[in-house]
Each structure stands twice: as C-alpha cells, then as structure tokens.
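If you want the building blocks of each chain, they are given just below.
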Amino acid sequence: MYHWICRRIARKNFERINRKDYQGLLGACVDNVRHRFGGDHALGGRRQSRAALARWLQRLGRLSPSLQLRVLDVWSTGWPHDTTIIVRWEATQEMPDQSDYLNHGVHVIKMRWGKIVEIDANEDSQLVAESLRIWGNHGNPEALAPPILQ
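Quick summary incoming for the structure in this document.

What counts, and where the lines are drawn
- Residues numbered from 1 in each chain as written.
- Predicted model: local features only at pLDDT ≥ 70, side-chain atom pairs only at ≥ 80, totals over all residues.
- Heavy atoms only, no water.
- Patch = residues over 30% accessible without salt bridge, like charges linked within 9 Å, V, L, I, M, F, W, Y side chains within 5 Å.
- Areas by Shrake-Rupley, 256 points an atom, 1.4 Å probe, with all protein chains shown as cover.
- Salt bridge = Lys/Arg side-chain N within 4 Å of Asp/Glu carboxyl O.
- Helix = DSSP H or I, 4+ residues; strand = E, 2+ residues; numbered from the N terminus.
- Buried < 20%, exposed > 50% of the residue type's maximum accessible area, 1.4 Å probe, protein only.
- Polar contact = N/O pair within 3.5 Å; in protein donor to acceptor, adjacent residues only side chain to side chain.
- Contact = heavy atoms within 4.5 Å.
- Pairing = 2+ DSSP bridges.
- Axes fitted to C-alpha atoms, helices over the stretch in contact; angles between N-to-C directions.
- Disulfide = S-S within 2.5 Å.

### Here we look at a nonpolar patch on the surface
Part 1 of the reasoning: Among the surface-exposed residues, Met-1, Trp-4 and Ile-5 lie close enough to one another that they form a single nonpolar patch of about 380 Å² accessible area.
Part 2 of the reasoning: Mapping Ile-5 onto the fold places it in helix α1 (residues 2-19).
Part 3 of the reasoning: In this structure Ile-5 comes out as partly exposed when scored by relative accessible area, which is 38%.

### Some thoughts on the side chain of Ser-76
Part 1 of the reasoning: Here Ser-76 is to be found in strand β3 (residues 68-79).
Part 2 of the reasoning: Among the residues examined, Ser-76 registers a relative accessible area of 17% and is labelled buried.
Part 3 of the reasoning: Within polar-contact distance, the side chain of Ser-76 engages the side chain of His-3 at 2.8 Å.
Part 4 of the reasoning: Here Arg-7 takes part through its side chain, which lies 3.5 Å from a polar atom of the side chain of Ser-76.
Part 5 of the reasoning: Those residues in contact with Ser-76 that sit more than four places away from it in its chain are His-3, Cys-6, Arg-7, Thr-84 and Ile-85.

### With respect to the sheet that holds β3
Part 1 of the reasoning: Strand order in this open sheet of six strands is β2-β1-β6-β5-β4-β3, and the pairing throughout is mixed. With one partner strand each, in any of the chains shown, β2 (45-47) and β3 form the two edges of the open sheet. Here the strands of the sheet are splayed against their neighbours by 15 degrees on average, with no regard to which way each runs.
Part 2 of the reasoning: Each of β3, β4 (82-92), β5 (102-112) and β6 (115-123) is contacted by α1, which is oriented at about 150 degrees to β3, the strand it contacts most.
Part 3 of the reasoning: Where helix α4 (residues 125-137) meets the sheet, it contacts β1 (29-37), β5 and β6, and its direction lies at approximately 115 degrees from that of β5.

### Description of the state of the cysteines
Part 1 of the reasoning: Here the structure, examined in full by the defined rule, presents zero disulfides.
Part 2 of the reasoning: Looking at Cys-29, it has no disulfide partner, and the nearest cysteine sulfur is the one in Cys-6, 14 Å off.
Part 3 of the reasoning: The exposure class of Cys-29 is buried, given its relative accessible area of 1%.

Given below as structure tokens:
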C-alpha cells in the first residue's frame, strides 16, 4: 500500500508540472531539496533549496509554455524514511519554429517521510539545449541565460 501511494504522488507531481501548479509540487519538497537537471544551458545545473527550485520551475514554465510530460512507468522501493521512486516519461511541446520536440527520460526521486528530498532528472540534455537555442533565436533571451544555481 505504501508504494502504491508513493507512485500515485509521483504521477500527481508530473501532472502538476503539466498544469504549471508549481506551488503544489514545491509543497511536497523539504526546504533543502536537491535538484539536478543535466546539461550546460539555462535549465541545467544543480539547486539545493526549495527557493532555487521555485525559480527554476518558473523558468521552465516560461521557456517551455506548452510542455507536456506523459508518465510511462513508475517504480518505488524502500521504506518511509528512505524511499526511491523512478519515473520514466516522454515530453512533448510546441516549438516556435514548428519543429518536432519529443524527449524522454527518467527521474530518480528520493523521499523521506512523505517529503521529496532529491530530484535527479535524466533526459536528452542535448535536445533540451537545442530547443533552448531555438527559443532564444525566436525572441526569448532567457533561453540563453546561465543556469539557476544554489
């Protein structure tokens, strides 16, 4: 039953990203949540606080306004004090140059006592970097900004 609840929470948090309900997701995180998103671009890097993750999520919403994540599989293991959840997903979005965008990846999420303590996002970071260049070339300078760190 516990792992069923964890998998349901993970799916709900991905739905929150799709709806741009970042406050709901942030409420599920500890204050010093660690977040890693691969790549050397505006969305890349590591963050180590809920405040930095909030700024990152807002940027994600501005840089990928039509982003939709479709959860394919969710697995969980561990005990309430040390739970690991793995989410396999696909992402689509409308690009300003009408090119196709289809990414895929895996999130490894660590939870303790029902709170998210770590999010490790693994995706095709080269595709993300290319999409950000397209957004930047179509008038969104934030797409070419340095990553949000701390």
